[in-house]
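# Inside the fold
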Amino acid sequence: MIYRTLKRESMAVLVDRLKEGGLVAPVREDGVVVFRPIQGDREVASDYINPTNSVKDVFLPQTESLFRFNTAEKGLEIEATPPEGPKYVLGVRPCDAAALELLDHVFAEGQYTDSYYQRRRAEVTVIGVACDQVGESCFCTAFGLSPGHRRGADVMMYRLDDESYLVAFEGERGHRLAEEYPDLFGEAPAEETIEAVVTSYQSREVPAGRVELDGITEKLDGMFEHPLWAKLAARCLKCGICTYLCPTCHCFCLDDEALGYEGVRYRCWDSCMYPDYTLMAGGHNPRPEKANRTRQRFMHKLNYFVHNHGEFQCVGCGRCVDKCPVGLHMLAVIYDIKGVDSDGGQ
Amino acid sequence: MAVSNVLIPKPATITEIVDQTPDVKLFRVVPDDGEIFDYRPGQCAMLSVLGRGESMISITSSPVQKDCLEFAVKRVGTVTEALHDAEEGFKIGLRGPYGNNFPVDFMKGKNLVFIGGGIGLAPLRSLINYVLAPANRSDYGQVDIIYGARSPADLCFKDELKEVWPKAEETRVHVTVDVGDDKWQGPVGFVPPFLEEVGPSPDNAVAITCGPPIMIKFVLQSLDKLGFTDEQIITTLEMKMQCGVGKCGRCNLGDKYVCVDGPVFSLAQLKELPQEF
Ligand SMILES: Cc1cc2nc3c(=O)[nH]c(=O)nc-3n(C[C@H](O)[C@H](O)[C@H](O)COP(=O)(O)OP(=O)(O)OC[C@H]3O[C@@H](n4cnc5c(N)ncnc54)[C@H](O)[C@@H]3O)c2cc1C
Ligand code: SF4
Ligand code: SF4
Ligand code: FES
């Protein structure tokens, strides 16, 4: 870990330099802040709680080509598509950075790993910005995170004073950034100052994060058949926004597109909230009802994932809280689960 | 740097196609690089028809057969239809093997009762031919193969049912059809009551069953009546699949992914999982 400082006015210079290597950062677009590739004079936004889309987009793009194929003359050629992506992603909130380590469990660990994901993880430097504003929907502290957490981030910036940031560089990618631009970063402040600044962010109050999760996984072990799921699911519109915006949801489908002999196999995000997600040839569907799918979404995040990876599959980013049109979101559901008797009495 | 990914198949060629039933064909497949992956009975592979998509199919050949991989495919939708339209020499994409396998070690020294329905004989066939191979035959006891299909025309692997397996050492083949025809002289009736009629003993036996869900449901009841315990019953599950490697998220039962933790489960294991299949 090394610390440096960065003058506010040097931020624009940093952005300009990162842009050359390929940069994704939050911009204001049609009234919302979203992560986008930064080209030309595009202005990086700084006044946001969290971009509408998550940093997942950089590592598991909504649509990506896996390979191209050519079947001309009754042959078959398959050519892998080198994974594209930026070299830097800037403006990442601590919850999103932490979510990358949850995606790692799925794509970078175990018997099978996804080399495209891994390559992006190896090559993209994640530059976080600690949160000055805590949103009403934020509940990161429920998951042991905080507005100043550094899990999953290579670099984290904290506001030091009106003129400068305190910048923490971690690991190989973080250190490389510090070394690459020595002219931009100033000497670290005194240790007590660092300690005070970081602690002030890490101990910042996150009101919605007071929700207590102890015992919820164990309670859910016995709630598979609970009437709560049907009650919750009744209002779901099957829009899938919750899963698309979630930085930890990773479900995808594979799709071919061909014109003549040539074509591409794409990987595209999918959603467990869609009826055809588990629809099999012949019409059988193991999760035919919204209740089955709602159960799947919340069981996966609060129970199955915990069994498989030892932690919840949620970082409390609050996107589903803000964006589900019918209020069927993680925070509400946690309270609903806590509020019912696990045996089905309400 | 060469780019690769677990989700990218390798080119392979369909070298032979053998009609089985009006809607099932057997495909012999050889990878274009000549390297047939090692696999165990019960494992599956992803077959791609480029431009159409990809399907998970059980490897119906047995590992003792070294010259090609065999897949029996029922025509039900986009990819399977395209495979049925293919001719010998057609190029497909192949990746695998995927999933767990039948517990061949646990079954050693035991009598084996195979109960199959329709295309469900495909995964069982891999194990049957593995067990009946000279190198392995003495590791296993009596083999009973109980199999049924809708009609005589719908029976898969007719040659082996008629000519090969009945002649194998300590092996009995029992075949039934839901509805007979002019030429059919064998038993008529559904698999579960037929199984009870055949009445295999549960003593030192393992039952391995695969078929349509409705058949499995009643076969399990019949096996229970015959005295088989949940540990003695092995079955395979089918779930919608896309990736086959535990990442796309859709094939789970609780915290298990059927593509990597299955498709083979004992009934005892299945009862521990959420009943969502
Ligand atoms: C472990 C396992 C082993 C199988 N073994 C065999 C076999 O030996 N022979 C055989 O004929 N069939 C087998 N199946 C079923 C086979 O995978 C489906 O029938 C096939 O994928 C349908 O594809 P389609 O494109 O023709 O149908 P469509 O309805 O057009 O399906 C579109 C896509 O959805 C997915 N899909 C749809 N139905 C299923 C399904 N039932 N299971 C898995 N994915 C599905 C596939 O990716 C498919 O390409 C097996 C399925 C599983 C899960
Ligand atoms: S965002 Fe809300 S309405 Fe849309 S699928 Fe998710 S839970 Fe259902
Ligand atoms: S479940 Fe909701 S709050 Fe949790 S990480 Fe996903 S979008 Fe954020
Ligand atoms: S098929 Fe993708 S997780 Fe099992």
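The rules we used
For every chain, the first residue of its written sequence is number 1, and the numbers climb from 1 along that sequence. The naming scheme follows written order: chains are lettered A onward, ligands numbered 1 onward. Confidence filtering applies because this is a predicted model: local features only for residues at pLDDT of at least 70, side-chain atom pairs given and counted only at 80 or more, and all residues used for totals across whole chains, interfaces and linings. Water and hydrogen atoms were dropped before computing side-chain values, which therefore reflect all heavy atoms in the structure. What counts as a domain boundary in this text is fixed by an automatic or database domain assignment. For this analysis, residues touch if any pair of their heavy atoms sits within 4.5 Å. Simply put, the buried area is the total loss of 1.4 Å probe accessible area from both parts when two parts are fitted together. Put simply, a salt bridge is a Lys or Arg side-chain nitrogen that is within 4 Å of an Asp or Glu carboxyl oxygen. Between N or O atoms, a polar contact is any pair within 3.5 Å; within protein, one atom must be a potential hydrogen donor and the other a potential acceptor, and residues adjacent in sequence are included only when both atoms are from side chains. A run of H or I in DSSP becomes a helix once it reaches four residues, and a run of E becomes a strand once it reaches two; helices and strands are each numbered from the N terminus. The nonpolar class holds Ala, Val, Leu, Ile, Met, Phe, Trp, Tyr, Cys and Pro. Asp, Glu, Lys and Arg form the charged class, and all remaining residues, Gly among them, are polar. A single heavy atom is enough: if one lies within 4 Å of a molecule or strand, its residue is considered near that molecule or strand. Computed with the Shrake-Rupley method and a 1.4 Å probe, the accessible areas treat only the protein chains shown as cover for residues. The definitions used throughout rest on a 1 Å grid laid over the protein atoms alone, on which a cavity is an enclosed set of points accommodating a 1.4 Å probe that cannot get out and a pocket is an open set flanked by protein within 12 Å on both sides along at least five of seven lines; lining residues are those having an atom within 4 Å of a point. To qualify as sitting in a cavity or pocket, a molecule needs more than half of its atoms within 2 Å of the grid points. Each patch is built from salt-bridge-free residues with over 30% relative accessible area, joining like charges within 9 Å and nonpolar side chains (Val, Leu, Ile, Met, Phe, Trp, Tyr) within 5 Å. Positive charges come from Lys and Arg, negative ones from Asp and Glu, while His and the chain ends are left out of the count. Charge positions come from single atoms, namely NZ of Lys, CZ of Arg, CG of Asp or CD of Glu. A pair of strands is treated as paired once DSSP finds two or more bridges between them. Note on geometry: axes are C-alpha line fits, over the in-contact stretch for helices, and angles between N-to-C directions span 0 to 180 degrees. Buried, partly exposed and exposed residues are distinguished by accessible area as a fraction of the type maximum, computed with a 1.4 Å probe on protein chains only: under 20%, between the cut-offs, and over 50%, respectively.

Turning our eyes to something else, we now look at the domain arrangement of chain B. Residues and elements named next belong to chain B. When its domains are assigned, chain B resolves into domain 1 (10-98) and domain 2 (111-236). If you average the C-alpha positions of domain 1 and of domain 2, the two centres end up 23 Å apart. Every contact between the two is made by 19 residues of domain 1 and, on the other side, 17 residues of domain 2. Looking at the side of domain 1 facing domain 2, the largest losses of area belong to Gln-20, Pro-41 and Thr-60, adding up to 33% of the total buried there. Seen at the junction of domain 1 and domain 2, the total is 2 salt bridges. One salt bridge in this structure joins Arg-125 and Glu-70, with 2.8 Å as the shortest N-O distance. Inspection of the domain 1/domain 2 interface yields 7 residue pairs in polar contact (both at pLDDT 80 or more). Contributing elements (two or more residues each) for the side of domain 1 that touches domain 2: β1 (10-21), β2 (24-31) and β5 (69-74). Top element by residues in the side of domain 1 that touches domain 2 is β5. It accounts for 4 residues. Split into classes, the residues belonging to the side of domain 1 that touches domain 2 amount to 9 nonpolar, 7 polar and 3 charged.

Attention now moves to the site of ligand 1. Around ligand 1 there are 23 residues in total, and Ser55(B), Met56(B), Lys74(B), Thr80(B) and Glu238(B) lie nearest to it. Around ligand 1, the nearby residues trace back to chains A and B. Contacts to ligand 1 include Ala72(B), whose backbone N or O atom sits 2.8 Å from a nitrogen atom. Compared with its free state, where it exposes 820 Å², ligand 1 has 87% of that area covered by protein. Broken down by secondary-structure element, the contributors of at least two residues to the shell around ligand 1 are β4 (53-58), β5 and α1 (78-85) of chain B. At 5 residues, the largest contribution of residues to the shell around ligand 1 is made by β4(B). Across the shell around ligand 1, the residue classes break down as 13 nonpolar, 6 polar and 4 charged.

Attention shifts here to the site of ligand 3. All names here are of chain A. Around ligand 3, the structure places 13 residues, and the nearest of them are Cys-246, Cys-314, Cys-317, Gly-318 and Cys-320. Taken atom by atom, the bulk of ligand 3 overlaps the second largest cavity. Counting only elements with at least two residues in the shell around ligand 3, the list comes to α10 (290-309) and α11 (319-323).

On the surface, Glu212(A), Asp214(A), Glu218(A) and Asp221(A) cluster together into a negatively charged patch. Position of Asp214(A) among the secondary structure elements: in the loop between α6 (191-202) and α7 (216-221).

Another point: the sheet that holds strand β6 (residues 88-92) of chain A. Residue and element names in this part refer to chain A. An order of β3-β2-β6-β7-β8-β9-β1-β10 is seen for the 8 strands of this open sheet, with the pairing classed as mixed. Sheet topology places β3 (32-37) and β10 (185-186) at the edges, where each strand pairs with a single neighbour. Direction of pairing for strand β2 (residues 23-29) relative to β6: parallel, over a ladder of 2 bridges. Paired with Leu-23 across the bridge in β6 is Tyr-88. Contacts from α6 reach β1 (2-7), β8 (155-159) and β9 (164-169) within the one sheet, and its direction differs from that of β8 by about 95°.

Next up on the list: the environment of Leu279(A). Residue placement: Leu279(A) occurs in the loop between β12 (262-269) and α10. Exposure remark for Leu279(A): the relative accessible area of 36% places this residue in the partly exposed category. Sequence spacing of Leu279(A) and Leu166(A) is 113 residues, and the spatial spacing of their C-alpha atoms is 51 Å. Leave out the neighbours within four places in its chain, and Leu279(A) touches His284(A), Asn285(A) and Lys240(B).

Looking now at the sheet that holds strand β14 (residues 264-266) of chain B. Residues and elements named next belong to chain B. Taken in spatial order, the 6 strands make up an open sheet running β9-β8-β7-β10-β11-β14, and their pairing is mixed. The sheet is open, and its two borders are formed by β9 (171-177) and β14, each paired with just one other strand. Strand-to-strand twist of the sheet, defined as the mean angle between neighbouring strand axes without regard to direction, takes the value 15°. When strand β7 (residues 111-117) meets strand β8 (residues 143-149), the two strands line up parallel, connected through 6 bridges. When the bridges of β8 are listed, Gly-117 appears paired with Gly-148. Lying on the sheet, helix α6 (residues 213-226) is in contact with β7, β10 (205-210) and β11 (233-236); it crosses β10 at an angle near 165°.

A separate point is the interface of chain A and chain B. Listed per partner, the contact involves 48 residues of chain A and 44 residues of chain B. With both sides pooled, the region where chain A packs onto chain B buries about 3700 Å², and carbon together with sulfur makes up 59% of that total. Counting across the interface, chain A meets chain B through 4 salt bridges. Between Arg250(B) and Asp270(A) there is a salt bridge whose closest N-O contact spans 3.2 Å. Here chain A and chain B share 25 residue pairs in polar contact (both at pLDDT 80 or more) between them. Of all elements in the fold, only β4 (63-70), β5 (77-80), α3 (94-107), α4 (115-123), β11 (252-259), β12 and α10 of chain A reach the threshold of two or more residues within the side of chain A that touches chain B. Broken down by class, the residue content of the side of chain A that touches chain B amounts to 24 nonpolar, 13 polar and 11 charged.

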